[in-house]
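Residues per chain are reported as follows:
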Amino acid sequence: MRTILVANRKGGCGKTTVATTIVSALTARGQSIALADADRQKSSLKWIDLRPKVATPITKLNWTKDKALGDAPDNIDTVVIDGPGALSTAHAESLIKEVDEIVVPVLPSIFDMDSTDQSSTWIPRIVFWRRSRS
Ligand SMILES: Nc1ncnc2c1ncn2[C@@H]1O[C@H](COP(=O)(O)OP(=O)(O)OP(=O)(O)O)[C@@H](O)[C@H]1O
Ligand SMILES: [Mg+2]
């Protein structure tokens, strides 16, 4: 099972929009997809509820309380995770360590880019952790 985390500590940068768009695109390709919400706002879970009943089903996972990756059904090809607002918590750090890929949405604004630059100190740590495992 592939896991994709959409994360940035900057609020309103498009995490939920990007997560739901990736999920829609992968579902359209015929994959069995789950959308996990790790953000307490649970916007992604609300989005699933708002989808038309005739739309291809997307598995809904509430991972707001999990310490890292939560459970997902066996038949799922990819889990896309709408990341938590804060990246400094143990929950967020565990997710960052465990997932296969991380997508970081950044708005083309100097304030958003500056904020992301500061938080991007966790990106080299991911590479280091991954290398140290193999
Ligand atoms: N690529 C984009 N172009 C224009 N507007 C966008 C884009 N992506 C997101 N938005 C808009 O920006 C706003 C915030 O998007 P979104 O809710 O996806 O961000 P978020 O990072 O999930 O926010 P939060 O930190 O509250 O969880 C929404 O109004 C959304 O429609
Ligand atoms: Mg959101």
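This is a predicted model, so every value here is computed, not measured.

## Considering the overall build of the protein chain
Helix and strand counts for the protein chain stand at 5 helices and 5 strands. Across the protein chain, helices and strands are ordered from the amino to the carboxyl terminus as β-α-β-α-β-β-α-β-α-α. By residue count, 25% of the 134 residues in the protein chain fall in the buried class. In the protein chain, the proportion of contacts linking residues at least 24 apart, taken out of those at least 6 apart, comes to 76%.

## Quick word on the site of ligand 1
Close to ligand 1 lie Gly-11, Gly-12, Cys-13, Gly-14, Lys-15, Thr-16, Thr-17, Asp-39, Gln-41, Ser-43 and Gly-85. Among the residues forming the shell around ligand 1, the class breakdown is 1 nonpolar, 8 polar and 2 charged.

## Regarding the pairing of strand β1 (residues 2-6)
Where β1 meets strand β4 (residues 78-82), 5 bridges bridge the pair, whose relative direction is parallel. Within β4, the position partnered with Arg-2 by the bridge is Thr-78. Relative to strand β5 (residues 101-103), β1 is paired through 3 bridges, and the arrangement is parallel. Each bridged residue has a counterpart across the sheet, and for Leu-5 the counterpart in β5 is Ile-102.

## Some thoughts on the nonpolar core
By size, the foremost hydrophobic cluster in this structure holds 20 residues, and its most contacted members are Ala-34, Leu-35, Ala-36, Val-80, Ile-81 and Leu-95. Sorting the residues of this core by element identifies β1, α1 (15-28), β2 (33-37), β4 and α3 (90-98) as the ones contributing at least two each. When residues in this core are grouped by element, the largest group, 4 residues, is from β2.

## What to know about the environment of Ala-7
If you trace the backbone, Ala-7 turns up in the loop between β1 and α1. Each C-alpha atom, one on Ala-7 and one on Ile-81, is 8.4 Å from the other, the two residues being 74 residues apart in sequence.

## Regarding the pairing of β4
Within β4, 5 of the 5 residues are buried, which leaves it mostly tucked inside the rest of the structure. Both faces of β4 are covered, namely the face carrying Thr-78, Val-80 and Asp-82 and the face carrying Val-79 and Ile-81. As paired strands, β2 and β4 are joined by 5 bridges and run parallel to one another. Counted as the bridge partner of Asp-37 is Asp-82 from β4.

## Looking at the environment of Leu-5
Inspection of the secondary structure assignment puts Leu-5 in strand β1. Among the residues examined, Leu-5 registers 26 C-beta atoms within 10 Å and is labelled buried. Sequence-wise, Leu-5 and Gly-83 are 78 residues apart; in three dimensions their C-alpha atoms are separated by 6.2 Å. If near-sequence neighbours (up to four positions away) are discounted, Leu-5 is found in contact with Ile-81, Gly-83, Leu-95, Ile-96, Val-99 and Ile-102.

## Focus: the sheet that holds β2
The strand order across the open sheet built from 5 strands is β3-β2-β4-β1-β5, with neighbouring strands paired in parallel fashion. Because the sheet does not close on itself, it has two edges, and the strands there are β3 (59-62) and β5. Looking at each pair of strands side by side, their axes are set apart by 25° on average, direction ignored. α1 contacts β1, β2, β4 and β5 of the sheet and is inclined by roughly 165° relative to β4.

How each quantity is defined
Residues numbered from 1 in each chain as written. Chains lettered and ligands numbered in written order. Predicted model: local features only at pLDDT ≥ 70, side-chain atom pairs only at ≥ 80, totals over all residues. Helix = DSSP H or I, 4+ residues; strand = E, 2+ residues; numbered from the N terminus. Buried ≥ 20, exposed ≤ 12 C-beta atoms within 10 Å, placed from the backbone. Contact = placed C-beta atoms within 7 Å. Near = placed C-beta within 6 Å. Nonpolar A, V, L, I, M, F, W, Y, C, P; charged D, E, K, R; others polar. Pairing = 2+ DSSP bridges. Core = buried A, V, L, I, M, F, W, Y, C linked by C-beta atoms within 7 Å. Axes fitted to C-alpha atoms, helices over the stretch in contact; angles between N-to-C directions.

Keep in mind that these numbers describe shape and distance, not what the molecule does.
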